[in-house]
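Inside the fold
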Amino acid sequence: MHYQGVLFDLDGTLTASGEGITKSVQYALEKMGMPELGKDRKKLEVFVGPPLLEQFMSYAGFSEEKAAEAVRYYRERYNVTGIFENRPYPGVKELLEELKKKGMTLAVASSKPDKMVKIVLDHFQLDTYFDVIMGSDIKRPKMTKAQVILQVLEKINFLDKRDQVIMVGDRHYDVLGAKETGLSCIGVTYGYGTKEELLKAGAVKTAASIRELGKLLGL
């Protein structure tokens, strides 16, 4: 299939952001008086990808109010330090360059707050490859992946050409968000999700490396 447009998730797809996210979750749990819940940073990788509010509720059993407080603490650390404990996966820049050369429309659709997405991509000089970059609206803590994807499709004028667009992400949230908006999704297994998780959610294909992803995208 030759795609005209590719939507990328950010965390775990373009950049390995686990360190900054998990350390900021640890900080928030400590501030909430539950440091024992943050002892194992590997377990905290479930926070990479999904909206923070709902993840704090399901992981720590917080009420919505307490989860909102935890998100505030998380941002205290993440917005200053955690955001830069992050790096692009090797080969990402080259992949984006090749896709651009083929004339594809490229966009980022992330559940991370919009401002943070832009800071990360600018910091790693990846922003220039994208026609549209969108994260979630910080004033809408319950904004879903599907809602972000729809806004991106509208901005790149592909609402009526969804069969020509593919989503690329590393967690079932990406696959389900894509499905909800009528898109197919390629799951990448070099990020924070497993092949099993991605296929179960309905990913059309999985890629274990940036190179494999390039092949699936027609390079």
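Scroll up a little and you will see the structure.
The sections below set out a description of the structure shown in this document. Every chain's residues receive numbers from 1 upward, in the order its sequence appears when written. In keeping with the model being predicted, local features are shown solely for residues with a pLDDT of at least 70 and side-chain atom pairs are shown and tallied solely at 80 or more, while totals for entire chains, interfaces and linings include all residues. Excluded from the side-chain calculations are hydrogens and water; all other atoms, namely the structure's heavy atoms, are used.

Digging into the packing of aromatic side chains
What counts as a ring pair is set by centres within 6.5 Å for rings of Phe, Tyr and Trp (its six-membered ring), and what kind of pair is set by the plane angle: stacked under 30 degrees, edge-to-face over 60, tilted for all other angles. Here the structure, examined in full by the defined rule, presents 6 aromatic pairs. The interplanar angle of 10 degrees and the centroid separation of 5.3 Å between the aromatic rings of Y74 and Y78 together place this pair among those described as stacked. Of this pair, Y74 and Y78 both sit in helix α3 (residues 64-78), 4 residues apart, which is roughly one turn of that helix. Summary of the burial criterion: residues with accessible area below 20% of their type's maximum are buried, those above 50% are exposed, and those between are partly exposed, where the area comes from a 1.4 Å probe applied to protein chains only. Look at Y74 and you get buried, because its relative accessible area is 4%. The exposure class assigned to Y78 is buried, which follows from its relative accessible area of 3%. Their ring planes at 70 degrees and their centres at 4.8 Å tell us that Y89 and Y190 sit as a pair that is edge-to-face. Taken together, the residues Y89 in the loop between β3 (87-88) and α4 (92-101) and Y190 in the loop between β7 (184-188) and α8 (195-201) connect sequence positions 101 residues apart. Judged by its relative accessible area of 16%, Y190 is buried. Each member of the aromatic cluster is reached from another via a ring pair, and the members are F47, F56, Y59 and F62. In this analysis the charged atom, NZ for Lys or CZ for Arg, is taken to sit over a ring once it is within 6 Å of the ring centre and within 35 degrees of the ring normal. Directly above the aromatic system of F158 lies the positively charged group of K161, at a separation of 4.5 Å from the ring centroid. Numbered from the N terminus, helices here are DSSP runs of H or I no shorter than four residues, and strands are runs of E no shorter than two.

Notes on empty space enclosed by the protein
We place a 1 Å grid over just the protein atoms. Points where a 1.4 Å probe fits but has no way out form a cavity, open points with protein on both sides within 12 Å along at least 5 of 7 lines form a pocket, and any residue with an atom within 4 Å of a point lines it. Grid points are joined across faces, edges and corners, and a volume is the space filled by probe spheres set on the points. The tally for this structure, following the rule as stated, stands at 1 cavity of 30 Å³ or more. In this model, the largest cavity occupies a volume close to 40 Å³. Lining the largest cavity are D9, D11, G49, P50, S111, K145, D170, R171, Y173 and D174. Note on residue classes: Ala, Val, Leu, Ile, Met, Phe, Trp, Tyr, Cys and Pro are nonpolar, Asp, Glu, Lys and Arg are charged, and everything else, Gly too, is polar. Residue composition of the lining of the largest cavity, by class: 2 nonpolar, 2 polar and 6 charged.

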